[in-house]
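The residues making up each chain are set out below.
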Amino acid sequence: MTNPEEVYKRALERERLARKEAERLLEQKSRELYDFHESQKRELERLVDERTRELSVARDQAIEASRAKSQFLAKMSHELRTPLNAILGYSEMLEEDAKDAGRARDVDDLRKIQVAGKHLLSLINDVLDLSKIEAGQMALYLEEVDLDALVREVVATVRPIVEKNRNAFDVQLTGELGVARTDVTKVRQTLFNLLSNAAKFTEGGTVSLQASRDRLGLRFSVRDTGIGMTEEQKAQLFQPFRQAEPSTARRYGGTGLGLAISQRFAELLGGAIEVKTAPGAGSTFTLHLPLSEAASEAPAPQRGASGSEAPSHRGLVLIIDDDEAARELLGRILADEGYAVAFARDGQQGIELARSLKPRAITLDVVMPKVDGWSVLSSLKAEPEVSAIPVIVVSVLGERSLAMSVGACDYVTKPVDRADLARVLRTHLE
Amino acid sequence: MKGVVFTEFLEMVEDRFSLTMVDEVIERAALSHGGQYTAVGTYPPEEMLALLSALAEISRSPAPALLHMFGEHLFGRFVVGYPAFFAGVTDPLDFLEKVDSYIHVEVRKLYPDAELPRFDAERTSPKELKLTYQSPRRLSDLAFGLIVGCGKHFGAPLDVSREDLSGGSGEIVRFTITRP
Ligand code: HEM
């Protein structure tokens with residue numbers, strides 16, 4: 001029984017079977033590992049998807065919140081200006097009366113009201129500007145601008161402010177600046193901000209303005225011999241509501257928004273503001289504006305795209321919206337697209353204009369006082385005369401299906417995306 | 001029981017005795033298969049006992065002594081197969097102290113179906129360790145051999161005494177291990 005050959009044969013057979021068994025086990029383990037790995041991968045992918053979704057929801061909410069905030073600010077600023085205008089207007093009238101009646105003390109008091117009121121007004125305007133910029137709703141109005149005239153105008157406006165602090169005003173224009181296609185209001189405001197800023201922080205020194213034009217574009221340098229700034233102060237310079245020190249605001253006045261706005265204007269125009277400064281050594285602010293790039297890159301909405309003036313080769317669109325800013329924006333987009341536009345401030349007027357003008361299309365806001373968009377829509381759809389006019393509901397509310405079910409032909413969310421609106425109009429009108 | 005125990009056992013039989021002995025032991029153990037063990041497989045623990053008694057009968061040696069011998073052999077194989085567990089250890093008592101709290105813990109991670117004993121370690125002095133073995137498989141002789149193998153590996157012959165705490169069943173055995 002212990003035949004060596006038999007023993008080896010059996011040993012060999014055991015090894016062979018053991019090897020096969022080992023291979024089977026190895027294969028099985030590999031598969032388990034593979035499955036495990038796959039399920040982990042799927043789990044990981046699921047988690048990543050989930051996080052991505054959560055993040056995008058959070059991002060959308062943040063964007064929406066910021067948009068709502070800007071809209072609220074814009075609206076508030078708007079609401080604040082109306083009573084303020086009354087205060088300014090009436091105090092001016094009263095001042096005249098007091099002057100005529102020789103009541104010097106009243107004149108003085110009334111002037112104080114006006115100074116305070118004007119300060120408040122500039123604050124509100126700045127807040128409005130900034131919130132528009134931040135909401136991405138600051139539009140550019142590009143046109144041919146006579147730069148030399150612009151500089152002369154700004155210099156004349158700012159001269160009293162510069163000289164008030166016993167400063168010399170040194171204006172150097174290197175050659176003709178000529179004409180450029182740009183947004184005159186924004187350039188004017190930026191130059192004014194830079195110059196009045198320099199004037200405010202300089203006493204008994206010199207404020208100088210150098211302007212030049214070359215291949216690269218326009219350069220406006222505003223130099224002062226004032227108090228200057230540390231690196232730290234410089235870093236905060238363009239942040240809204242920051243001045244070098246809290247006490248600075250009291251001493252020098254101003255909203256603290258001027259530079260922030262100027263900077264953003266410059267960026268909108270494709271340029272930048274550069275600062276050189278050191279404590280005690282004065283500051284130099286240089287505004288760079290590109291020439292052709294600004295004109296070609298920036299959207300070029302036309303100024304005052306109101307009704308009858310605009311080219312109307314594509315027909316008339318009636319805009320029904322109680323918010324002036326929204327009306328304006330829609331108007332501009334539509335005018336750019338080649339439509340003539342008419343405006344209605346409320347639902348009632350909207351229905352009347354629809355009847356009398358018979359526009360090719362109507363854009364309709366939903367949330368309006370008294371007669372809201374839904375009522376307007378059902379009135380329009382009930383009148384055979386106008387029921388065929390396509391109505392595009394434009395609203396911040398996400399109520400597309402409701403809009404479509406009550407007869408709207410399409411739905412666009414606010415804030416309105418230019419391309420979106422243009423596409424919708426083309427779909428329904430061509 | 002993990003296949004590595006079987007393959008190592010049979011290798012020891014081949015080394016210490018002969019291939020013919022392996023053949024005979026397998027034959028005599030009357031397994032349900034031909035004895036083709038692989039280290040990566042898992043087999044019923046009774047087969048180990050059957051192989052052991054077959055070897056005892058054929059070689060006319062007491063089973064406990066054979067198990068002890070196997071323990072010593074196995075330790076040598078562990079040194080080769082699991083060097084990570086030995087990294088930085090110089091004292092055999094330090095090593096043995098960690099069998100339950102570290103080594104067998106890692107072994108279980110590698111082989112979730114491993115059937116391991118329980119060891120309670122009590123370091124009574126730097127030179128003395130009380131290690132209480134507890135397992136329904138009653139392989140304290142194997143543990144004994146492993147302990148002795150451990151001392152040999154570290155070049156420190158250990159003095160080991162043992163005491164059955166389970167009334168002679170061999171399920172709970174306390175080793176008192178001292179080193180010079
Ligand atoms: C590197 C060191 C060690 C490794 C890798 C290791 C690994 C293993 C493995 C894989 C088993 C088999 C489990 C099964 O069959 O399911 C086992 C069992 C066993 N080990 Fe360890 N071990 C080591 C050290 C030790 C030491 C030093 C002792 C003794 C103090 C010991 C005592 C035992 C005993 C007695 C068994 C048999 C199972 C039982 O009695 O329940 N081991 N070990």
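The structure this text deals with has already been given above.
This write-up is about the structure you can find in this document. (Residues numbered from 1 in each chain as written. Chains lettered and ligands numbered in written order. Predicted model: local features only at pLDDT ≥ 70, side-chain atom pairs only at ≥ 80, totals over all residues. Heavy atoms only, no water.)

A separate point is unusual backbone geometry. Glycine aside, residues mostly have negative phi angles, and peptide bonds mostly take the trans form. In this structure, the amide linkage connecting Lys 414 of chain A to the following residue, Pro 415 of chain A, adopts the cis form with an omega of -10°. Residue placement: Pro 415 of chain A occurs in the loop between β12 (410-413) and α13 (418-429). Even without glycine at this site, Arg 166 of chain A takes up a positive phi of about 55°. Secondary-structure assignment places Arg 166 of chain A in the loop between α3 (147-164) and β2 (168-173). Given a relative accessible area of 59%, Arg 166 of chain A falls into the exposed group. Of note, the phi angle at Arg 60 of chain B is positive, near 50°, even though the residue is not glycine. Tracing the sequence through the fold places Arg 60 of chain B in the loop between α3 (45-59) and α4 (63-81). When its relative accessible area of 76% is taken as the criterion, Arg 60 of chain B is described as exposed. (Helix = DSSP H or I, 4+ residues; strand = E, 2+ residues; numbered from the N terminus. Buried < 20%, exposed > 50% of the residue type's maximum accessible area, 1.4 Å probe, protein only.)

Taken together, Phe 72, Met 76 and Leu 80 of chain A make up a surface patch of nonpolar side chains, about 280 Å² in accessible area. By the secondary structure assignment, Met 76 of chain A is in helix α1 (residues 4-100). (Patch = residues over 30% accessible without salt bridge, like charges linked within 9 Å, V, L, I, M, F, W, Y side chains within 5 Å. Areas by Shrake-Rupley, 256 points an atom, 1.4 Å probe, with all protein chains shown as cover. Salt bridge = Lys/Arg side-chain N within 4 Å of Asp/Glu carboxyl O.)

If you walk through the whole model with that rule in mind, you get 14 aromatic pairs over all chains. Relative to Tyr 43 of chain B, the ring of Tyr 37 of chain B has its centre 4.8 Å away and its plane inclined at 85°; by these criteria the two rings are edge-to-face. One exposure class covers both Tyr 37 of chain B and Tyr 43 of chain B, and it is buried. Clustering of aromatic rings is evident, with ring pairs tying together Phe 75, Phe 86, Phe 95 and Phe 154 of chain B. The positively charged end of Lys 186 of chain A is found above the aromatic ring belonging to Phe 265 of chain A, 5.6 Å away from the centroid. (Phe/Tyr/Trp six-rings, centres within 6.5 Å; stacked < 30°, edge-to-face > 60°. Lys NZ or Arg CZ within 6 Å of the ring centre and 35° of its normal.)

Turning next to the interface of chain A and chain B. How big an interface is tends to be reported as the loss of accessible area on association of its parts. Chain A puts twelve residues into the contact, and the matching count from chain B is 14 residues. Of the roughly 1100 Å² buried where chain A meets chain B, counting both sides, 69% is carbon and sulfur surface. Linking chain A with chain B are two salt bridges. Among the ionic pairs, Arg 14 of chain A bridges to Asp 23 of chain B, the shortest N-O distance being 3.4 Å. Remark: the boundary between chain A and chain B carries two residue pairs in polar contact (both at pLDDT 80 or more). A per-class count over the side of chain A that touches chain B returns eight nonpolar, one polar and three charged. (Contact = heavy atoms within 4.5 Å. Buried area = accessible area lost by both parts, 1.4 Å probe. Polar contact = N/O pair within 3.5 Å; in protein donor to acceptor, adjacent residues only side chain to side chain. Nonpolar A, V, L, I, M, F, W, Y, C, P; charged D, E, K, R; others polar.)

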